[in-house]
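# Chain and residue survey
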Amino acid sequence: MRDFTQDIRAAQRRLDEARSYLSIDDNRERFAVLEAEIADPALWDDQNRAKRLNSEYANLKDDLDTFDRLTAQLGDVEVLHELAREEDDESQEPEIESQIASVADKLSGLELRSLFTGEHDEADCIVQINAKDGGVDAQDFSEMLLRMYEKWCERRGFTIELNGVSEGQEAGIMSAEVTISGRYAYGLMSAERGTHRLVRISPFDNQGRRQTSFAAVQVWPLLEDVDVEIDESDLEMQVFRASGAGGQHINKTSSAVRLIHHPTGLVASSQEERSQLQNRERAMARLSAMIAAKAEEDRQAELDAIAGKQAQVGWGSQIRSYVMQPYQMVKDLRTEIETSNVSAVFDGDIDMLIEGYLQLKRAQGDSTTSSAANPA
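All figures in this text were calculated on a predicted structure; none of them were measured in a lab. (Residues numbered from 1 in each chain as written. Predicted model: local features only at pLDDT ≥ 70, side-chain atom pairs only at ≥ 80, totals over all residues. Heavy atoms only, no water.)

## Details of the overall build of the protein chain
- Broken down by element type, the protein chain carries 9 helices and 13 strands.
- Projected onto its principal axes, the C-alpha coordinates of the protein chain cover approximately 75 × 65 × 55 Å.
- For the protein chain, the share of sequence-separated contacts (at least 6 apart) that also reach a separation of at least 24 residues comes to 65%.
- On the protein chain, roughly 19,900 Å² of surface is accessible, and the fraction owed to carbon and sulfur atoms is 45%.
- The averaged location of the 70 negative side-chain charges in the protein chain is 5 Å from the averaged location of its 41 positive side-chain charges. (Helix = DSSP H or I, 4+ residues; strand = E, 2+ residues; numbered from the N terminus. Contact = heavy atoms within 4.5 Å. Areas by Shrake-Rupley, 256 points an atom, 1.4 Å probe, with all protein chains shown as cover. Lys, Arg positive; Asp, Glu negative; His and termini not counted. Charge placed at Lys NZ, Arg CZ, Asp CG, Glu CD.)

The following block contains the structure:
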């Protein structure tokens, strides 16, 4: 009978680490408090607070239930292993091995949560895609990225809502803005912030030449209850016809709204509503969240500069190359992670690239913390 003791102990160590980074003990106390607050009928007198508490409750319940299920599963495996060894029952080896692998796989999913340490990582997010250098190829590439994120959201069970899109003159899109909703949406999508590069034989070049094009992705946390004052004189409002990517028109009237905040250069859109006034309100709410998030980023950048921390690679930096000719490869330039399955990536299979960057980011943060604690 094979001895699985070391495998079980390794899984137990990982489970103990999960208890720590998920703050299981503290969150059990918080969960009890939330249960009492949610049971109060007066909670819904303040709908924003009610939604916030219900979201926190659901997230904590998910963490605690997942942890408890894994603890029970690992305990069952340990008992089965002990009984099988006592009786030298080799027939139980496949089941024990399968259960240990199952626990390890679930722990890997749980450990992803340890990568989210930012204040807004659990929030929904606003994603903006803009075509850059490369003409019509860049516009087509921007639409490819939009579809990639739509398919990625579908894989993860996230919701993606098109706020606004500006279509290209020949093909593709000049720009698009979406809201992605789901737990850790901002934490995950923050890995996509930066400039993306596509190399391929251009389908728009009659001579079949290779073309390099660029698209920029910006990501903002969708903050709630932000207290931001916006001077109307700093705003420019543009109206346009609401449409979906690819020219599928939603509305024939110019009810969609795009707001440009000149002091920051930030742009927010809304085309979901039929009323121009309602779209303006939605766009203003998004713009306020983006301005608040930018102010936080600017303050953090100042603190990092004072502390001598290296700025994170992000907005404006080239982060990833998608090469379709003369060979097939997607490579993340920050982590060196690469894959030859370009079609899978454009079909939304980007978790490996996202998680690789998040792991690098945490490692860099741990290194910075260690250096600060142990100066030369």
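## Digging into the packing of aromatic side chains
- According to the stated counting rule, one finds 5 aromatic pairs in the structure shown.
- Ring geometry for Phe116 against Tyr184: centres 4.3 Å apart, planes inclined by 15°, an arrangement best described as stacked. With Phe116 in the loop between helix H4 (93–111) and strand E1 (125–131) and Tyr184 in the loop between strand E3 (173–181) and helix H6 (185–189), the pair connects residues that are 68 residues apart, well separated along the chain.
- Phe116 sits in the buried class, given a relative accessible area of 11%.
- The interplanar angle of 70° and the centroid separation of 5.5 Å between the aromatic rings of Phe141 and Tyr322 together place this pair among those described as edge-to-face. Of this pair, Phe141 sits in helix H5 (residues 135–156) while Tyr322 sits in strand E11 (residues 318–323), and the two are 181 residues apart along the sequence. Here Phe141 and Tyr322 have matching classes, each one buried.
- Lying across the ring of Tyr357, Arg334 places its NZ or CZ 4.0 Å from the centre. (Phe/Tyr/Trp six-rings, centres within 6.5 Å; stacked < 30°, edge-to-face > 60°. Buried < 20%, exposed > 50% of the residue type's maximum accessible area, 1.4 Å probe, protein only. Lys NZ or Arg CZ within 6 Å of the ring centre and 35° of its normal.)

## Some points on the packing of helix H3 (residues 47–86) against H4
- As a packed pair, H3 and H4 sit with axes 10 Å apart at the nearest point and diverge in direction by 155°. Considering their axes alone, H3 and H4 lie roughly antiparallel with respect to each other. Considering the relative orientation of H3 and H4, their crossing is left-handed. Residues Thr66, Leu70, Gln73, Leu74, Val77, Leu80, His81 and Ala84 of H3 form the contact with H4, whose own contacting residues are Glu95, Ile96, Gln99, Ile100, Ser102, Val103, Lys106, Leu107 and Leu110.
- Among the residues making up the contact of H3 with H4, the classes are represented as 10 nonpolar, 5 polar and 2 charged. (Axes fitted to C-alpha atoms, helices over the stretch in contact; angles between N-to-C directions. Parallel < 35°, antiparallel > 145°, perpendicular 65-115°, else oblique. Left-handed = near helix turned anticlockwise from the far one by under 90°. Nonpolar A, V, L, I, M, F, W, Y, C, P; charged D, E, K, R; others polar.)

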